[in-house]
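Chain residues, written in single-letter form:
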Amino acid sequence: MKTTIKWAILISLILIVAYFNRWIFVFKYEPEYWENYYYTSQWNIPNSDRVISDDGLYKFVGYRLVTGENTFNINYWIPPMGKNWYGVGAKYLQNPYLISFTFYLLSLFAFWSLSKLIFKKDNLRWLSLYLWALNPLLVEQIWQTMLDLPMVLFFIVHIYFLFKFETKKSIKNLVISAIFLGLTAGTKPAYFIPMIGLIDWWWIITVQKNNRFKNIFLYLFFVIGGYVLSYTCYFIVHPNPIPWIRLHQKVIDFQIINSSGGNHDVLNIFRTIFLDKFKGFWVGGQEMIVKNWSLVLPLGTILLLKNVLFLKKTINQNRQILYLSLIGIGYILMCLKIDFWPRYLLFLLPILILLVVNYFAHKPLVLILLLISYLPWLNYNFFPNQKEVIEEWNQNISAKHYREAYRLLDKNSQQNIKENDWLKHWESNPDDNISKEPVLENNRWRINLKGTKFD
């Protein structure tokens, strides 16, 4: 297949993803609304029924960080790197979702670069990239301002330079790899970083026989440096590092207090990977279908186990595959000790895709069929269900969350009534049963008030 055709396929996939998520490109961040939302939410008022999701929380916190807020004053238990970038999008672009889409594009470039180090055949590189670009778990992250996508981006770059260190033995590659692992730690709580660091040390020791201990400590130094770099938003306003070090005690105390002692559903991650089902770990949590699943998850996990069980054979065939397998197994085992969410599998996904492509290297038709198998789960991302917006509307109106209900209105309805008038109406008529109908706007279901007195 010609290179131009391969590029055309990739660009087409990106355009398809962008088209079916086009509402994110017209979103406008409203500072006053999100501030009001946050300070009346469960994060400030115990048992508040005005619940803000992590997606909304990170938009608001990021905006506050960019405008000078001390990161240890708000949502301090989560490192600021990813939130800060969403804040840049909210403040300077009025749209944090543009940052999500940028992270998506950068992850494609990073994954492509990594696959070039692993696969000699050009076709395998392209197929692995297609499997990454269109995976439902990744595509879902585009219309969310969550931290899993920036974290996995930094992680992929970290692996790329670590593998590059094997071939060129350049200290520069080792340093850059360490910095990006530090940035990974500065995006979400660094729970998995020690495990990754230990496996990285094994890699460094086996790759270069000279200066082993020097390289190990140099690596550790720059991992810490990368973590410090992730707090740039803090140091711009507070350049003294001593309070920064002391304030980490708040983070440690929070994690200790909120630790449930490891009483977790250890089957949840395996239920998600192999059965496409996730059971809520909260009180009354029900078993539900995972809407961003793919066959890559069970196939890749089986290969993880195979590669580690036949460790000697794996290391003789491909040390890079063994490294990825060790990280993958370590990640799954550590997930058994936390309250697991399906989106956490995004961190594991690039490893699983690379293992699957490596195993089926001589059967490209299988990889093409895997790509086609994404379609049922992409349906959730590409074709939204109008019932969901009706349910959300009814919940907001019954709970008197009129500001959230207003943001479910389509553009025409919002133009016909200002928000202040909307709020005044509901204050005077809390039992009003207005006429409404769902309409598709930029591939997102909204509520239209056509035919009512607001028209």
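None of these values were measured; they are calculated from a predicted model.

Q: Just checking my understanding: could you explain the overall build of the protein chain for this structure?
A: The helix and strand tally for the protein chain stands at 24 helices and four strands. Whereas a compact globule of 455 residues would reach a radius of gyration of roughly 23 Å, the protein chain reaches 24 Å, a difference of no more than 12%. Burial statistics for the protein chain: of 455 residues in total, 54% are counted as buried. Taking as baseline every contact in the protein chain between residues at least 6 positions apart, the subset at least 24 positions apart corresponds to 69%. Summing over all exposed atoms, the protein chain offers an accessible surface of approximately 21800 Å²; the carbon and sulfur share of this is 61%. When the 46 basic and 30 acidic side-chain charges of the protein chain are each reduced to a single mean position, those positions are 16 Å apart.

Q: Sorry if this is basic, but what is going on with the packing of aromatic side chains here?
A: For any two aromatic rings, the description comes down to two numbers: the centre-to-centre distance and the angle of the planes. Under the counting rule described, the total for this entry stands at 54 aromatic pairs. Taking the centre distance of 5.2 Å and the plane angle of 10° together, the rings of tyrosine 402 and tryptophan 426 count as stacked. One end of the pair, tyrosine 402, is in helix α22 (residues 402-406); the other, tryptophan 426, is in helix α24 (residues 419-428), and 24 residues separate them in sequence. On the basis of relative accessibility, which here comes to 2%, the residue tryptophan 426 falls in the buried class. Chaining the aromatic ring pairs together yields one cluster made of Phe72, Tyr227, Tyr231, Tyr234, Phe235 and Trp244. The side chain of arginine 319 reaches across the aromatic face of tryptophan 203, ending 4.5 Å from its centre. Across the ring face of tyrosine 33, the terminal group of arginine 407 is positioned such that the distance to the ring centre comes to 3.7 Å.

Q: Hey, could you run me through the packing of helix α3 (residues 54-66) against helix α4 (residues 81-92) in this one?
A: Look at α3 against α4: their axes get within 7 Å of each other, and the N-to-C directions meet at 80°. By the angle between their directions, the pair α3 and α4 is classed as roughly perpendicular. Counting all contacts with α3, which are made through Tyr58, Val61, Gly62, Tyr63, Leu65 and Val66, the residues of α4 involved are Lys83, Asn84, Tyr86, Gly87, Val88, Ala90, Lys91 and Tyr92. In the contact of α3 with α4, the residues fall into nine nonpolar, three polar and two charged.

Q: Explain the environment of valine 237 here, please?
A: Mapped onto the secondary structure, valine 237 falls in helix α12 (residues 232-237). With a relative accessible area of 44%, valine 237 lands in the partly exposed category. Separated by 202 residues in sequence, valine 237 and glutamate 35 place their C-alpha atoms 21 Å apart.

Q: I keep staring at the pairing of strand β3 (residues 437-441) and nothing clicks. Help me out?
A: Note on strand geometry: in a regular strand, side chains alternate between the two faces of the sheet. Across five bridges, β3 lies against strand β4 (residues 444-448) in antiparallel orientation. Each residue of the ladder has a partner; that of glutamate 437, found in β4, is asparagine 448. Hairpin connection, β3 to β4: the antiparallel pair is bridged by two residues, and asparagine 442 has positive phi, about 55°.

Q: How should the pattern of salt bridges be read in this particular structure?
A: Pairing between side chains of opposite charge can happen when the charged atoms of each approach one another. Summed over all chains, the structure comprises 17 salt bridges. The salt bridge partner of lysine 277 is glutamate 287, with a shortest N-O separation of 3.9 Å. Here glutamate 287 lies in strand β2 (residues 287-289) and lysine 277 lies in strand β1 (residues 277-279), a separation of ten residues in the sequence. Here lysine 277 falls in the partly exposed class, since its relative accessible area comes to 33%.

Q: Looking at this structure, I do not really get the packing of helix α8 (residues 148-168) against helix α9 (residues 171-185). What am I missing?
A: For any two helices packed against each other, the geometry is given by the interaxial angle and the distance between the axes. As a packed pair, α8 and α9 sit with axes 8 Å apart at the nearest point and diverge in direction by 160°. Between α8 and α9, the angle falls in the class roughly antiparallel. Remark: the crossing between α8 and α9 carries left-handed chirality. In this structure, α8 uses Met151, Phe154, Phe155, Val157, His158, Phe161, Leu162, Lys164, Phe165 and Lys168 to contact α9, whose residues at the interface are Ile171, Asn173, Leu174, Ile176, Ser177, Phe180, Leu181, Leu183 and Thr184. Class assignment of the residues belonging to the contact of α8 with α9 gives a composition of 13 nonpolar, four polar and two charged.

Q: Mind showing me how you'd approach α3 here?
A: The periodicity of an α-helix, 3.6 residues per turn, causes residues three or four places apart in sequence to face the same way. Taking 1.5 Å per residue as the helical rise, α3 with its 13 residues ought to reach 18 Å, and the 18 Å between its terminal C-alpha atoms agrees with that figure. With twelve of 13 residues buried, α3 is to be regarded as a mostly interior element. When we look at burial in α3, the residues that qualify are Asp55, Gly56, Leu57, Tyr58, Lys59, Phe60, Val61, Gly62, Tyr63, Arg64, Leu65 and Val66. Residues of α3 that are buried make contact with α2 (31-39), α4, α5 (97-118) and α12. A positive backbone phi angle near 110° is found at glycine 68, which sits one or two residues after α3.

Q: Explain the environment of serine 48 here, please?
A: Of note, serine 48 is situated in the loop between α2 and α3. On the accessibility criterion, serine 48 (14% relative accessible area) is buried. For serine 48 and glycine 225, which are 177 residues apart along the polypeptide, the C-alpha to C-alpha distance reads 39 Å. Setting aside chain neighbours within four positions, we find serine 48 in contact with Thr40, Ser41 and Gln42. For serine 48, the side chain forms a polar contact with the main-chain nitrogen of arginine 50, separated by 3.2 Å.

Q: It is not clear to me how the nonpolar core should be interpreted in this structure. Could you clarify?
A: Proteins that are soluble and globular tend to have nonpolar side chains buried together. In terms of nonpolar packing, the biggest core is built from 133 residues, with Tyr104, Trp132, Ile196, Tyr323, Leu324, Ile353 and Leu367 touching the most fellow members. At 13 residues, the largest contribution of residues to this core is made by α8. What leucine 367 contacts, discounting residues up to four positions off in sequence, is Leu124, Leu127, Leu131, Val356, Val357 and Phe360. One finds Ile397, Ala405, Ile417 and Leu423 within the second-largest nonpolar core, a separate group that totals 16 residues.

Q: Explanation requested: the environment of arginine 446 in the structure shown.
A: Among the structural elements, arginine 446 can be located in strand β4. Spatially, the C-alpha atom of arginine 446 lies 9.7 Å from that of serine 413, the residues being 33 residues apart in sequence. Setting aside chain neighbours within four positions, we find arginine 446 in contact with Val389, Arg407, Leu408, Leu409, Asp410, Glu437, Pro438, Val439 and Glu441. Of the polar contacts made by the side chain of arginine 446, one reaches the backbone oxygen of arginine 407; its length is 2.8 Å.

Conventions and cut-offs
- Residues numbered from 1 in each chain as written.
- Predicted model: local features only at pLDDT ≥ 70, side-chain atom pairs only at ≥ 80, totals over all residues.
- Heavy atoms only, no water.
- Helix = DSSP H or I, 4+ residues; strand = E, 2+ residues; numbered from the N terminus.
- Rg over C-alpha atoms; globule rule 2.2 N^0.38 Å.
- Buried < 20%, exposed > 50% of the residue type's maximum accessible area, 1.4 Å probe, protein only.
- Contact = heavy atoms within 4.5 Å.
- Areas by Shrake-Rupley, 256 points an atom, 1.4 Å probe, with all protein chains shown as cover.
- Lys, Arg positive; Asp, Glu negative; His and termini not counted.
- Charge placed at Lys NZ, Arg CZ, Asp CG, Glu CD.
- Phe/Tyr/Trp six-rings, centres within 6.5 Å; stacked < 30°, edge-to-face > 60°.
- Lys NZ or Arg CZ within 6 Å of the ring centre and 35° of its normal.
- Axes fitted to C-alpha atoms, helices over the stretch in contact; angles between N-to-C directions.
- Parallel < 35°, antiparallel > 145°, perpendicular 65-115°, else oblique.
- Nonpolar A, V, L, I, M, F, W, Y, C, P; charged D, E, K, R; others polar.
- Pairing = 2+ DSSP bridges.
- Salt bridge = Lys/Arg side-chain N within 4 Å of Asp/Glu carboxyl O.
- Left-handed = near helix turned anticlockwise from the far one by under 90°.
- Expected span 1.5 Å × (residues − 1).
- Polar contact = N/O pair within 3.5 Å; in protein donor to acceptor, adjacent residues only side chain to side chain.
- Core = buried A, V, L, I, M, F, W, Y, C linked by side-chain atoms within 4.5 Å.

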